[in-house]
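# Observations on the three-dimensional arrangement
Listed here are the chains, written in short residue letters.
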Amino acid sequence: MTTRIQRRTMLRGAGALLPLPFLNLMESPAKATEPDAAPKRFLTLFKPNGVHPPSWNISGGSEHDFRMSPLMQPFQKHRNDVLILDNMGDFGFSSHANSTRRFLSGHHANTKAASMDQLIADRIKGDTPHRSLELTTEGLFPNQIGCSYISYDENGAPIPRESDPQLIFDRLFRNPLASPAHRRRMSSILDRVLEDARSLSRTAGSEDRQTLDEYLSVVRESEKRLQNMQQAEPSVDVSRFARPANAANLDQQVESMLDMIELALWTDSTRCVTYMLGNSNSRMIFDFLGVTEQHHYLSHFFRNFSRTNLESLLKISLWHMEKFDSLLTRLKSRREGNGTLLDNTVVLYGSGMGHSDNHTVTRIPIILAGGKGMLKTGRYVRYSENQQLGRLHISLLEKFGIDVDTFANSEEPLPGLNGSDFKPYQERAFASWIKVEGTQITVQGRIRMSDNLDEAKVFFVDVEGQPPVRVEVAFRDFHNFNLAYHCGTGITLTGTGSTEGGQHIISKVNELKSVHGRKPGTQNG
Amino acid sequence: MFSSRDISVAFLVCIAISYPFAVAGADFDVHVKPLLSKYCVKCHGGEEANGDVDFSKISTTEDIDTAFETWESVVRHLRAGTMPPQDQVQPDDEERNRFFEWYQNFVDNVEVQPAVFQSRRLSANEYRNTLRSLFGFDLQVAIIEAEQTIAERSMVLKLLPTDPPGGSGFQNDTHQNPLTTIIWDQYSFLADAALEQLFLRERSTQLEKFTGSESVTEMTSEQAERLLRLFLMRAWRRTVPEADVEQVVSKVRERNGAELLTALKFEMKTVLMSPAFIYRGLLVSGQHGKRQSVDAFELAERLSYFLWADMPDDQLMSLAADKTLADPNVYATQIDRMLASPKSRNLADDFAVQWLALNEIEHVSDNVPQMVALKSQPIDFMHYLFTEDRPLLELINSQTAFISPHTSRLYRGDAAQMTKYVKQKGIEVEIVPNQKIKLEHAVERGGILTMPGVLAMNKGPIQRGTWILERILGQELPEPPADVGQVPPNNSDEHLTFRQRFEQHRSNPSCAVCHDRIDPLGFALQDFDNGGQYVRSANYRAPKRRKRNELSSDATSQIDTSGRLPSGESFADITELKQILSTSQRESVLRNIVEKTMSYALCRRLKIHDRPTVNLIVKQMSETNGTWRDLIHAIANSVAFRETILSADN
C-alpha cells in the first residue's frame, strides 16, 4: 500500500530518536489522489465508578443545539468529532460487576459469549501482528472479579489485561518480528551463545553435557523459528520509536499507555484495543491530584457527602475526561490517507453506571467519536426511552460489517448513530401541582438534583408557577425510591415534611410514582 | 520409575566408589523377598499397585537402595500393626523380626556420601532475585495496586512460567524442569528490559557501580571494559579465566559513542543469555570422577541460594576469591550475617510457604486485606523462628504470635498489646502489617497448627489431619480411593455426632490404614470451626448457615477432641496433642524438619547416602533442643552440602 511506504519515509525524515508523545504531525502527500483505503479500527476507553449526574448530564438542548456539561468541558474542543448518546442504560440499580460486564457484552447475563470488541477484532484483524490489545491500569479485584474485565472471549471467560506500557512497547516493537534489525540482532546473539556453549561443552563432565545439550537444542530451535519469520519489510521503521519512560504516577502510566495505543493503531500493529482507566469499582488513590481518599469511597458521594469529598470526586472525573481528550488529540494528530487516524477509528468512551452512589444504570455516560463515514458526529442524541446497551452493540457490529440478529438480550439495532432517524426524547406535558394536608405533602412535577454542589443530597421537584419542592431525605429513602433513576422525569411524590415561608420541604418519602409509568425497582441488574 | 539419567548416575557411582549394598542385596533375596511375596505383593504389586508402592518391581541392589523410604514406612507400619490390614493374613513375630533385622543391617551399612554433581536451571524466584542483585534494581510491572486488588509486581515472575515442584517437593529443585523456547524468549525479553533500564539516566548510580565512580555521560571504552569484567564475574558468580574475559572485552575496545554502547549491550546480553548465567553449577571446578569439597565459589552459591535464593553478594564473592570462605570461623560468621540480612526473608516467603502449603490460604478469602492478614501470620512467625534463633519445636507451640486488626479478634485479651490502628479517612479497608505479641490469653493459638489461616485453609478433620501428617510429621499418604462416598447424615431416630458417623463410615479395615493415623490428629482440631475461629471462645461468632459445613459441625458441647495415636499416646485436646508432638513424638517432628530443610538447601530429593547425616542432625537437635540457626549451621556443614562427586569425563 502506498500510504504505508510514505509513512516510513516520513518517519525516517523525522530524524533522530523521536520523543513521545509528540511523535510527529505530518501531511500526507497522497492526500489528493489516493483513495482512502486505510483499515478501520475499534477502540474503547472505560471510565470507572459512574458519575456525579448533575455534573455529567446535559440539561435540555437538542440534537444540534446543546451545551456540553461541566464534566464534558475537557473535550469541548472535540465537539465536532464526538457523538454524545443519552438515555443509555435500562436498569434501576446494578452491581459494579454486572455493570462492567454489560459495557461490552450488552447484558450481565450474557456470560457465555464473546464481548462485542472481540467479535470486531475477529472481523477486522486482517494480517496485523496483534489481533487485539486488552489494557488496564489497576490490579485485579478478587472479591468481585467481574469489576476488573470488560473484554471476554468466545466462551465468556475474561481476557487477561496488560497494564505496563513498556511491556506493550517491547511486545509491539522490540520483538524479532517487528523489524529486520531486531531479527538480525537476535540472530547474532544466538550465534554467539551457541559458540560459547559449544566451547563450554568441550570441557564439561557428562552430567553437564546433558544440560548443555538441552540448552543448545533450544537455541537451535530459536534460530529455526527466526528463519521462518523472514517476511516482508514492515511498514514503519519501528527502531526509531522511543520506549516509554518509567511512570512515576498513574497519570504518567496512562499517558504512556495512550502513546502505545496511538502507535499500535497507527502502525497497524493491531486494530482493536480496549482500555480500562481503572476497575469499575476502582479503589485507586489519586495522590497526584492531591486526593487522599479512595475513588470508590468518594464515588458514593451521597453517603459520604462533604463538599471536599465531592470536589475530590469531580477532580478525579475531570481527569478521566482529560484522558479522553488526550486520546482524541493523539488520534487526530496522526495523518492517514485523506484524513486522520481518528477518522478511521470508532472510539467508544463510557462507564457502566450513571449515578455512582446508588448505581443507577440510566443516563450512563456513553460517547462515540471518530469513525468517519460510520458515525455522524457533532451531535447530541437523547433517545425517547432508556436504551439497552445491547442495541448500541448491534449497531456498532453492523458498522464493522458484522450482521447479528440479536446481541445479548437485544434484538434491534440502535438508530441514529449515522444521522438516521431516531425517536428523540421529548418533554411530555403533564399537570404539575402541590397538595398539603397537615404534615403530608404530595407534589407532582419534574424531579432533579440540586445544582448547588453544597447540596449533593438535595433534590427539587419543579412545579409550574410555584417555588420547587425541596426533597432532603436520608440515604434509605433516596435509594429505596431510586430518586436518581427518576431525575429529569415527571413523578408524583408523597412525603412527610414541613413548610417554611412558602418553601415546602419533604424530609421523608412515603410514595413515589412515575407520571409516565416508569418502574426502576423491577429492573435490578 | 527411573529416568535414564538416574540410572546413569547410579552406574557412575558404582564405578567411582565402592558400593556398600551388595550384601544387603543378597540378604534381601533370601529374607525379605519371600515375606513381601507372601504378605504384600497381592495389593502392592503389578499394574494397579495400591498407594504407588510396587514391591514386585524391586530386585536389583539399586532398586533396594532407591526404595529406602519405603522400607522406613514398612517398619513403621509393622510396628504400629497398620499393615497388612487387619482383615488380611498377618506375619508372625519371627517374620516381623526377620524384616527388622534385615532393615537394621541395611541402615547400618549406609555410608555418608555427597551426591553426584548436577547443574540446574535457576528457578523463577532465583532468577528474579539474581537479576535484581546483579543490576541493583528490580524489574517491576507498571500497575496500580489499589487497596483490595492483587497484582504481580515482578516482571520476572509475571513472564516466567511457574516452576513445578521437583522431586524434593520444592520449586528450587529444577532438575526435571527443562529450558524451553518459551522460557528462552522470556529470558531474552527480560535481559533487554534490564539492559534498557541500566543505561537510563535515573539508573546512573547502578551503572557507576560497574564502571567505577566517575560520572558516565559519554562512556569511554575503558569504562566499558571495566563494566564488562565486573559484569561477567558477577553474572557467572565466579572469577573468569583471563582468556575468556579477553574474548568478551576485546569487542568493546577502541570503540566509542553509539557504536561502543551497541557493542557493550550486545556483549552484556550474550552474558545474560549464556548457560553459565541461567544455570547453576556449569562452571564448577574440580577433578572428574572423584569425591571432593566443592570449590569456594560453588560453596558461596550454595549458601546464598539456600538462605537467600539469590546470588552471592560482594562479601561472599571476595571471601570465595581469596579462598577463606571455607575457614570454619569465617564460614559460621557468614551464615549468621546472611541470616541477619533482610534477604533471609526468602526462607519464610519461599521455603516455609512451599513446605507448609501456605499459598492455600489465598483461597480462604476473596477479601484481599483479610486474606493477606491470614497468610502473613504464619509467614511472619516462620521468619521469626528462622532468624531469631528460636528452637525448632516452637513450630508446634510458641508464646509468640503476629496479629493485625484483621485477626486481632481471634486473640481476645492479647489484642490489647497492639498499638492502636487508626484508619485514614476515605479508606474502606486496607492491608495492615502484623505486630508481634506475647500469647497470654489466647494460648490455644500458639504454634503453626492453630493459626487461623492454617486452620481455615484445611477444612474439616480429614484435611487437617492429613496436613499435620504430611507437613509436620513428614509421612506420605496415598490418594484416597475414588469411591469413598459421603459421610451419611443421621437417620431420623439417630443422634450421632459427626465424629461417630464418620467412624462408622470408615470402619472398613482398608480405610483404617490411613485413617487411624489421620483422624486423631484432625479431630483434635474440632474446637476450631472451618473459618479457624475457636468455638470455645466467649466472643465466638457462629458463621452464617450457608457457610457452615453441616456434616462436620456439631454443637460445642458434643465436640470430642480426644484421641489416641497409633503409637499409643492418648490426649484430650489439641493442647495435649501439641505436648505429645513436642515430647514423645519430637523425633518424628524434628526428622521431618531436618529432611524438609535439607532438601530445600540441596535443591534435590534426599538420597540414601544422606540418611546418616539426617539421623545425626536429628539426634543433635533432639538432645540440645536445637534452634533453627543450629539446624542451618549443621546443614551448611554437612557432607552433602560441602562436598560433591563430579561425574567422570566421557
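Rules behind the numbers
Starting from 1, residues in each chain are numbered consecutively following that chain's sequence as written. As they are written, the chains are lettered A onward and the ligands numbered 1 onward, keeping that order. Selection of residues for local features in this predicted model requires a pLDDT of at least 70, selection of side-chain atom pairs for listing and counting requires 80 or more, and totals for whole chains, interfaces and linings are taken over all residues. Side-chain figures throughout are based on the complete set of non-hydrogen atoms in the structure, without hydrogens or water. What counts as a helix is a DSSP run of H or I of at least four residues, what counts as a strand is a run of E of at least two, and both are numbered from the N terminus. For a compact globule the rule gives 2.2 Å times the number of residues to the power 0.38, and the radius of gyration it is set against comes from C-alpha atoms. The contact definition used throughout considers only heavy atoms, calling two residues in contact when any of these lie within 4.5 Å. For the accessible areas, the method is Shrake-Rupley and the probe is 1.4 Å, while residue cover comes only from the protein chains on display. The charge count treats Lys and Arg as positive and Asp and Glu as negative. His and the chain ends do not count. Every charge is mapped to an atom, namely NZ of Lys, CZ of Arg, CG of Asp or CD of Glu. Accessible area is worked out with a 1.4 Å probe on protein chains only. A residue is then buried under 20% of its type maximum, exposed over 50%, and partly exposed in between. What marks off one domain from the next here is an automatic or database domain assignment. Note: buried area is the sum, over both parts, of the accessible area (probe 1.4 Å) each one loses when the two are combined. What makes a salt bridge here is a side-chain nitrogen of Lys or Arg within 4 Å of a carboxyl oxygen of Asp or Glu, nothing more. Think of a nonpolar core as a cluster: buried Ala, Val, Leu, Ile, Met, Phe, Trp, Tyr and Cys residues, connected wherever their side-chain atoms sit within 4.5 Å. Here a polar contact means two N or O atoms within 3.5 Å. Within protein one must be a hydrogen donor candidate and the other an acceptor candidate, and residues neighboring in sequence count only if both atoms are side-chain atoms. For this classification, Asp, Glu, Lys and Arg are treated as charged, while Ala, Val, Leu, Ile, Met, Phe, Trp, Tyr, Cys and Pro are nonpolar and the rest, including Gly, are polar. Any two strands with at least two DSSP bridges between them are considered paired. For helices, the fitted axis covers only the stretch in contact; all axes are lines through C-alpha atoms, and the angles between them, taken along N-to-C directions, range from 0 to 180 degrees. Take the number of residues in a helix, subtract one, and multiply by 1.5 Å to get its expected span. Disulfide: a pair of cysteine sulfur atoms within 2.5 Å of each other.

Secondary structure assignment for chain B yields 27 helices and eight strands. Taking 650 residues into account, the globule formula puts the C-alpha radius of gyration at 26 Å, and chain B, at 28 Å, falls close to it. A separation threshold of at least 6 residues defines the contact pool for chain B, and within that pool the share at least 24 residues apart is 70%. When the accessible surface of chain B is summed, it comes to about 28,700 Å², and 50% of that surface belongs to carbon and sulfur atoms. Looking at charge distribution, chain B has the averaged site of its 72 positive side-chain charges lying 4 Å from that of its 89 negative ones.

On to the overall build of chain A, then. When helices and strands are counted, chain A shows 13 helices and 15 strands. Within chain A, the proportion of its 525 residues that are buried is 59%. When contacts within chain A are restricted to residue pairs at least 6 apart in sequence, long-range pairs at least 24 apart make up 72% of them. Within the structure as shown, chain A displays about 20,200 Å² of accessible surface, and the carbon and sulfur contribution to it stands at 49%. Averaging the positions of the 61 positive and the 60 negative side-chain charges in chain A gives two centres separated by 2 Å.

This part takes up the domain arrangement of chain A. Residue and element names in this part refer to chain A. Each assigned domain of chain A is listed with its residue range as follows: domain 1 (40–173 + 247–399), domain 2 (180–228) and domain 3 (433–514). Once you take the C-alpha centre of each, domain 1 and domain 3 turn out to be 33 Å apart. Taken together, the 19 residues of domain 1 in the interface contact 16 residues of domain 3. Between domain 1 and domain 3, roughly 1,700 Å² of surface is buried when both sides are summed, and carbon and sulfur atoms account for 71% of that area. For the interface between domain 1 and domain 3, the tally reads one salt bridge. The salt bridge involving D454 is made with R307; its shortest N-O contact spans 2.8 Å. Counting only elements with at least two residues in the side of domain 1 that touches domain 3, the list comes to α2 (53–56) and α10 (307–333).

Moving on: the nonpolar core. Within the largest apolar cluster, 88 residues are counted, with the highest numbers of intra-cluster contacts made by M382(B), I448(B), W467(B), I472(B), W628(B) and F641(B). With eight residues, the top contributor of residues to this core is helix α24 (residues 586–602) of chain B. In terms of domain composition, this core takes at least three residues from each of domain 3 (291–347) and domain 4 (351–481 + 496–582) of chain B. Excluding its chain neighbours within four sequence positions, the residues that come into contact with M382(B) are A348(B), A352(B), W355(B), L356(B), L395(B), I448(B) and W628(B). Counting residues in hydrophobic clusters, the runner-up holds 81 residues, among them L328(A), L331(A), M449(A) and I491(A).

We now examine the interface of chain A and chain B. Contacts between the two partners involve 57 residues from chain A and, on the opposite side, 63 residues from chain B. When chain A packs against chain B, the two sides together hide about 5,000 Å² of surface, and 55% of this comes from carbon and sulfur. The interface formed by chain A and chain B includes six salt bridges. A salt bridge links K425(B) to E293(A); its shortest N-O distance comes to 2.5 Å. Our enumeration of links across chain A and chain B arrives at 25 residue pairs in polar contact (both at pLDDT 80 or more). When residues of the side of chain A that touches chain B are traced back to their parent elements, those giving at least two are α5 (165–174), α6 (180–203), α7 (206–228), α8 (250–266) and α9 (295–299) of chain A. The element best represented in the side of chain A that touches chain B is α7(A), accounting for 14 residues. Split into classes, the residues belonging to the side of chain A that touches chain B amount to 20 nonpolar, 19 polar and 18 charged.

All names here are of chain A. Pairing in this open sheet of seven strands is mixed, and the strands run β3-β4-β1-β7-β8-β2-β9 from one edge to the other. A single partner strand is all that each edge strand has here, and the edge strands are β3 (133–135) and β9 (379–387). Put simply, the sheet's adjacent strands are angled 15° from each other on average, direction ignored. Relative to strand β8 (residues 366–370), strand β7 (residues 345–350) is paired through five bridges, and the arrangement is antiparallel.

Often the size quoted for an interface is simply the accessible area lost on bringing the parts together. Residue and element names in this part refer to chain B. Per the domain assignment, the segments of chain B are domain 1 (21–108), domain 2 (120–280), domain 3 (291–347) and domain 4 (351–481 + 496–582). Relative placement of domain 2 and domain 4: their C-alpha centres are 42 Å apart. In this complex, domain 2 contributes seven residues to the contact, which on the side of domain 4 involves ten residues. Between domain 2 and domain 4, roughly 680 Å² of surface is buried when both sides are summed, and carbon and sulfur atoms account for 59% of that area. When the buried surface of domain 2 facing domain 4 is broken down by residue, E147, Q148 and F170 rank first, second and third, together holding 76% of it. The interface formed by domain 2 and domain 4 contains two residue pairs in polar contact (both at pLDDT 80 or more). Taken together, the residues of the side of domain 2 that touches domain 4 sort by class into two nonpolar, four polar and one charged.

So, on to the side chain of H504(A). Residues and elements named next belong to chain A. Mapped onto the fold, H504 is located in strand β15 (residues 503–514). In this structure the side chain of H504 is engaged in a polar contact, spanning 2.9 Å, whose partner is the side chain of T499. Leaving out residues up to four positions away in the same chain, H504 has contacts with I434, V436, I441, V469, R470, S498 and T499.

Taken as a whole and judged by the stated rule, the model has 66 salt bridges over all chains. Between D251(A) and K323(A) there is a salt bridge, and its shortest N-O distance comes to 2.7 Å. Here K323(A) lies in helix α10 and D251(A) lies in helix α8, a separation of 72 residues in the sequence. Ionic pairing is found between E388(B) and K436(B), a salt bridge with its closest N-O pair at 3.3 Å.

As a further point, take the pairing of strand β14 (residues 490–500) of chain A. All names here are of chain A. Pairing between strand β11 (residues 440–449) and β14: seven bridges, direction antiparallel. Residue G445 lies in a different strand from β14, and its bridge partner there is I491. Hairpin connection of β14 to β15: two residues between the antiparallel strands, including G501 at a positive phi of 55°.

In this section: the environment of M338(B). Residues and elements named next belong to chain B. Turning to its location among the elements, M338 is positioned in helix α16 (residues 328–340). Along the sequence, M338 and D87 sit 251 residues apart, while their C-alpha atoms lie 55 Å from each other. Residues contacting M338, with those up to four places away along its chain left out, are L303, S304, L307, W308, L316 and S344.

With 16 residues, helix α5 (residues 93–108) of chain B should reach 22 Å at 1.5 Å per residue; the first-to-last C-alpha distance of 22 Å fits that figure. By the N-cap criterion, in which a side-chain oxygen at the helix start approaches the backbone nitrogen of a residue two or three places on, α5(B) is capped by D92(B), the distance to E94(B) being 3.2 Å.

Residues and elements named next belong to chain A. Burial analysis of β8 places five of its five residues in the buried class, which makes it a mostly covered element. Examined bridge by bridge, strand β2 (residues 82–88) and β8 share four bridges and lie antiparallel to one another. Paired with L83 across the two strands is L368, which belongs to β8.

Moving on, we come to the state of the cysteines. Evaluation of the coordinates by the stated rule reveals zero disulfides over all chains. The structure places no disulfide on C43(B), whose sulfur is separated from the nearest cysteine sulfur, that of C40(B), by 8.9 Å.

The next subject is unusual backbone geometry. Even without glycine at this site, H359(A) takes up a positive phi of about 60°. Secondary-structure assignment places H359(A) in the loop between β7 and β8. Look at K323(B): it is not a glycine, yet its phi comes out positive at around 60°. Tracing the backbone through its elements, the reader meets K323(B) in the loop between α15 (314–321) and α16.

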